Amino acid sequence: MNKIQKFNEMHFSNELLFLGNAWDLLSALTLERAGFKAIGTTSWGIADSLGYADGELIDFDRHLAIIKTIAENVKIPVSADIEAGYGEDILTIVDHVLKTADAGAAGINIEDSFKQQKGLKEISWHCSLLGNIRAALENNGYKDFYINARTDTYLQKQNPLMETIERAKAYVESGASGVFVPGLIEEEEIKAITKNVSAPLNVLSLPGLTNCNKLKELGVKRFSFGNALSDKVIAYIDKNARELAESMDTSILYNN
């Protein structure tokens, strides 16, 4: 079984898939050693590590090189967060997805929000994109490649539940393997989505939404923490660097 098939099957086991989010090779290897069964890259963390804000401000090939380095050096499957696809038109985005698969990724996150403006893409346009992505993947030997269709309804809309269900159903019918709803936190709304959408639901860690066992009971199949770990690591480095500069004493590096 190859990594694509293995990663796809992880979403349909009895266990919740707890994804470790990496932003460079060191973090990926650390997560693998810690026991994570799969890795998802965090676009926010990658951007942060290169001195950029999130939002497709890095050249795509530069971003892809980091994904490729991670995928080639860990034994576990890697899902690549490619934001909205780094393109304005369907052909460009499809090409970028194929390049991501060629780089060794077992899946992608692809979102429905605009990068240069607020708002979400029209459902019909995004469904067309997902259909074209799925067809291109299958035509190029990437059957079972996992398309995690992220919808940003909870980040951009008031009372987003019904639109989330509508978009999720349409995305799955168009070729998405599962749906990712960052910002979703209420238990009843999680249950409503898992009941009405016949595909694995991925939610994002937030204060108050942290426990894998509880999420499994609600029907969630995949759980990720995004840039939360990279933020914590960067904050730790920042704190220690300031202490070193101010104290001019390296003893803090040797204290537990």
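Refer to the preceding data block for the structure.
Figured I'd write up the structure that's included with this text. (Residues numbered from 1 in each chain as written. Predicted model: local features only at pLDDT ≥ 70, side-chain atom pairs only at ≥ 80, totals over all residues. Heavy atoms only, no water.)

So, helix H9 (residues 187-196)
Cut-off, in case you're wondering: Exposed residues in this analysis have more than 50% of their type's maximum accessible area, buried residues have under 20%, and partly exposed residues fall in between, with area computed by a 1.4 Å probe over protein chains only. For helices the rule is a DSSP run of H or I covering at least 4 residues; for strands it is a run of E covering at least 2, with both sets numbered from the N terminus onward. Arc definition: it is the arc formed by the directions from the helix axis to the C-beta atoms.
Within H9 the residues assigned to the buried category are Ile190, Ala192 and Ile193. Each buried residue of H9 sits inside an arc of 160 degrees when the element is viewed along its axis, so together they form one side. Turned more than 90 degrees away from the buried face of H9, the exposed residues are Glu188 and Lys195.

Focus: the nonpolar core
To be explicit about the condition: Here, nonpolar core means buried Ala, Val, Leu, Ile, Met, Phe, Trp, Tyr and Cys residues that are tied together by side-chain atoms lying within 4.5 Å of each other. Here a residue-residue contact requires only that any non-hydrogen atoms of the pair lie within 4.5 Å.
In this structure, Leu137 and Phe145 are the most contacted members of the largest nonpolar core, which totals 54 residues. Setting aside chain neighbours within four positions, we find Phe145 in contact with Ile4, Val97, Ala101, Ala105, Ala106, Gly107, Ile108, Arg134, Leu137 and Ser177. In terms of nonpolar packing, the next biggest core, distinct from the first, is built from 20 residues, Val181, Ala192, Ala199 and Leu209 among them.

What to know about the sheet that holds strand E1 (residues 17-22)
Applied cut-off: Two strands pair if DSSP finds at least two bridges between them. The axes used here are C-alpha line fits, helices contributing only the stretch in contact, and every angle between their N-to-C directions lies in the interval 0 to 180 degrees.
An order of E1-E2-E3-E4-E5-E6-E7-E8 is seen for the 8 strands of this closed barrel, with the pairing classed as parallel. Pairwise comparison of adjacent strand axes, ignoring direction, gives a mean angle of 25 degrees for this sheet. In this structure, strand E7 (residues 201-204) lies alongside strand E8 (residues 222-224), joined through 3 bridges in parallel fashion. Considered in E8, the bridge of Asn202 is made with Arg222. In the packing of helix H6 (residues 123-139) onto the sheet, the strands contacted are strand E4 (107-111) and strand E5 (146-150), and the crossing angle to E5 comes to about 170 degrees.

Re helix H2 (residues 25-34)
Given 3.6 residues per helical turn, the α-helix brings residues three or four places apart onto the same face. Going by this rule: N or O atoms closer than or at 3.5 Å make up a polar contact, with two conditions inside protein: a donor-capable atom paired with an acceptor-capable one, and, for residues adjacent in sequence, both atoms drawn from side chains.
Turning to H2, its buried residues are Ser27, Ala28, Leu31 and Glu32. Taken around the axis of H2, the buried residues stretch over an arc of 135 degrees, which confines them to a single face. Residues Leu26, Arg33 and Ala34 are exposed on H2 and point more than 90 degrees away from its buried face. Where H2 begins, the side chain of Asp24 points an oxygen toward the backbone nitrogen of Leu26, at a separation of 3.4 Å.

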